[in-house]
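So the chains spell out like this:
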Amino acid sequence: MMNHFNGAGSLHYMDGVHTRRRLCQHRMAHGAAAWRPVVMRSGPNTHIYNVIYEDVFIFRIFVSIKRSPVRRLGGGPFVRAELMSEVILKGIKKIYDNKVTAVHDVNLKIADKEFIVLVGPSGCGKSTTLRMVAGLEDISEGELYIDGNLMNDIVPKDRDIAMVFQNYALYPHMTVRDNMAFALKLKRTPKSEIDAKVKEVANILGITQYLDRKPKALSGGQRQRVAIGRAMVRNPKVFLMDEPLSNLDAKLRNEMRAEIIKLRQRIDTTFMYVTHDQTEAMTLADRIVIMKDGYVHQIGTPQELFNSPVNLFVAGFIGMPVMNFFKGSKLLLEDGVYYAEIRGEKFKLSDFQQKALKSKDQKPAAITAGVRPQHITVGEGKLTAKIEVSEMMGTEYNIHASSGDDEVVMVIPTVGLDADVSMGTTVKFDVAPELIQLFDEETGNNLIWYDEESAKANAPECAKY
Ligand SMILES: Nc1ncnc2c1ncn2[C@@H]1O[C@H](COP(=O)(O)OP(=O)(O)OP(=O)(O)O)[C@@H](O)[C@H]1O
Ligand SMILES: [Mg+2]
């Protein structure tokens, strides 16, 4: 017979009825105070106690230690200075029964307390990846580690994770307090501990005044906070969130986004967050994992993805408004010097670009040149465009223009603007060569930032494993 003490204070018995009955009988006869558990010996994963009553050996308990001692002894739900929550996805793949490969070979190492955002268009495999981490989907191939432990065959409740879904589904007949306490009650956490945790989390989320209300008497944003609170009270090692803000209106979404940033600083745990909204990804993430059709295309900080997109897909997905793409451009090589030719005009590339292209022994090529709307200047320049729509936004103009067959979007600061940018005007515009992205016309890969080694493994980190 083996007893498992699973997590902070909750007991899961393999032969629970028998053990509990013996405990109750002894307690009724002798009172609880006389019980004395004595540590026999401890292994890395198990403590063995002899339970002694009035110096007589009664029975032996094997306690499997699934959490760190820091957590078990911690003074409050968020006292966890030494708790590590590193998550590693190694060659993770998902093939559904209908033979759909939803996720191909994801390799990702998430550092302790890192905020990772999975982003990509609908159907790219974000939720599937998250659900595999949560244990709600089987992993078809590959290995998942949380805190150094292989998790593939561990049931969700023992993975020490909490998940917040898009349709947060609170229990309508329960108060906010009971909704938040539910998971802890299931784990038979003592009432005083539950009350303290609910109170602390409600305070962090600013929902203390709603604790006795039912969900229907709350706004969307408040319900969302309750859903997050319900996950937080469990004090998970890893917090998984699948589009938690997508059914809120734009204003509330902005507010909640700020809340999550603050929350993250306060609870200091590892986050995996799914969204298809690039703004959410850019503002929340330490690193972004950008996916398409089940493949990871790039992993990097928001700045890396913005400045150094590996291919046309990443370049077009990250950044608002979307990057301008000049098809039919050329990479020229004349007397050992590289130029980008856009709409027949030559731009001598920067020293950095020269070096990078030379190191790859890049040949002249047909390219799509990419230029971010924020990187265009008007007034002077080699290129011309006719302004079709000019939106004055206060600090900047958002301009839609046509330049030959290309549509060009420009974001032009109003401060210091000399040129006339009213509708119907033809303007000269320019771009600094170092800000031109060079995409191979055939493959769509960035001639400078695409790296075959990383792409083979679908993630830059792969080489480290
Ligand atoms: N239970 C399932 N059985 C078969 N195929 C599935 C199943 N669940 C998802 N898929 C398929 O797997 C692919 C990835 O789905 P997933 O839900 O992970 O996408 P997603 O990136 O979360 O998209 P969204 O942004 O729309 O939520 C899709 O092509 C989807 O149709
Ligand atoms: Mg999804």
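Position labels on residues start from 1 in each chain and follow its written sequence. Here the convention is simple: chains get letters from A, ligands get numbers from 1, in the order in which they are written. In keeping with the model being predicted, local features are shown solely for residues with a pLDDT of at least 70 and side-chain atom pairs are shown and tallied solely at 80 or more, while totals for entire chains, interfaces and linings include all residues.

## Overview of the overall build of the protein
Only DSSP runs of H or I covering at least 4 residues are called helices, and only runs of E covering at least 2 are called strands; the numbering of each starts at the N terminus. Check the secondary structure of the protein and you find twelve helices and 24 strands. Within the protein, buried positions represent 35% of all 465 residues. For every residue pair, C-beta atoms are placed from the backbone, and the pair is scored as a contact if these atoms sit within 7 Å. The long-range share in the protein, meaning contacts at least 24 apart out of those at least 6 apart in sequence, stands at 63%. Three exposure classes are used, all based on how many other C-beta atoms lie within 10 Å of a residue's own C-beta (placed from the backbone): buried at 20 or more, exposed at 12 or fewer, and partly exposed between those limits.

## Here's the deal with unusual backbone geometry
In the segment running from Met320 into Pro321, the intervening peptide bond is cis, with an omega of -10 degrees. For Pro321, the position within the fold is in the loop between α10 (312-317) and β16 (324-334). The phi angle at Lys99 is positive, at roughly 70 degrees, despite the residue not being glycine. Assignment of secondary structure puts Lys99 in the loop between β6 (87-95) and β7 (101-110). Of the residues examined, Lys99 has 6 C-beta atoms within 10 Å and is grouped as exposed. Phi is positive for Asp147, which is not a glycine, with a value near 55 degrees. Residue position: Asp147 is located in the loop between β9 (141-146) and β10 (149-150).

## Examining the sheet that holds strand β17 (residues 337-342)
Ordered in space as β18-β17-β16-β19-β24, the five strands form an open sheet in which the pairing is antiparallel. Pairing within the sheet leaves two strands with one partner each, and these edge strands are β18 (345-348) and β24 (437-440). Here the average twist between neighbouring strands, direction ignored, is 40 degrees. Note that β16 and strand β19 (residues 365-371) share six bridges and pair antiparallel. In the sheet register, Asn324 faces β19, and the bridge partner there is Val371. Here, a strand pair is defined by DSSP locating no fewer than two bridges between the strands. Orientation is described by lines fitted to C-alpha atoms, with helices fitted over the stretch in contact, and by angles between N-to-C directions that extend from 0 to 180 degrees.

## Here we look at the nonpolar core
Here, a nonpolar core denotes buried Ala, Val, Leu, Ile, Met, Phe, Trp, Tyr and Cys residues that are linked to one another through C-beta atoms within 7 Å. Counting residues in hydrophobic clusters, the biggest one holds 105 residues, and the most contacted among them are Ile116, Leu240 and Met272. When residues in this core are grouped by element, the largest group, six residues, is from helix α5 (residues 191-205). All domain edges in this entry derive from an automatic or database-based domain assignment. For this core, the two domains that each supply at least three residues are domain 2 (87-303) and domain 3 (318-448). Each residue touching Leu240, except ones within four places of it in the same chain, is listed here: Leu130, Val133, Ala134, Ile161, Ala162, Met163 and Met272.

## Side note on the sheet that holds β9
Taken in spatial order, the four strands line up as β7-β6-β9-β10 in an open sheet, and their pairing is antiparallel. Of all the strands in the sheet, the pair left with one neighbour each is β7 and β10. With six bridges joining them, β6 and β7 adopt antiparallel strand pairing. Pairing of Ile95 across the sheet is with Thr101, part of β7. On top of the sheet, helix α3 (residues 126-134) reaches β6, β7 and β9; it is set at about 120 degrees to β6, its chief contact.

## Looking at the pairing of β16
Two faces make up the sheet, and in a regular strand the side chains alternate between them. The sheet contact formed by β16 and β17 spans five bridges and is antiparallel. By the bridge assignment for β17, Lys330 is matched with Glu341. A loop of two residues connects β16 with β17, the two strands running antiparallel in sequence, and Asp335 in this loop sits at a positive phi of about 50 degrees.

Worth remembering: the numbers are spatial, not functional.
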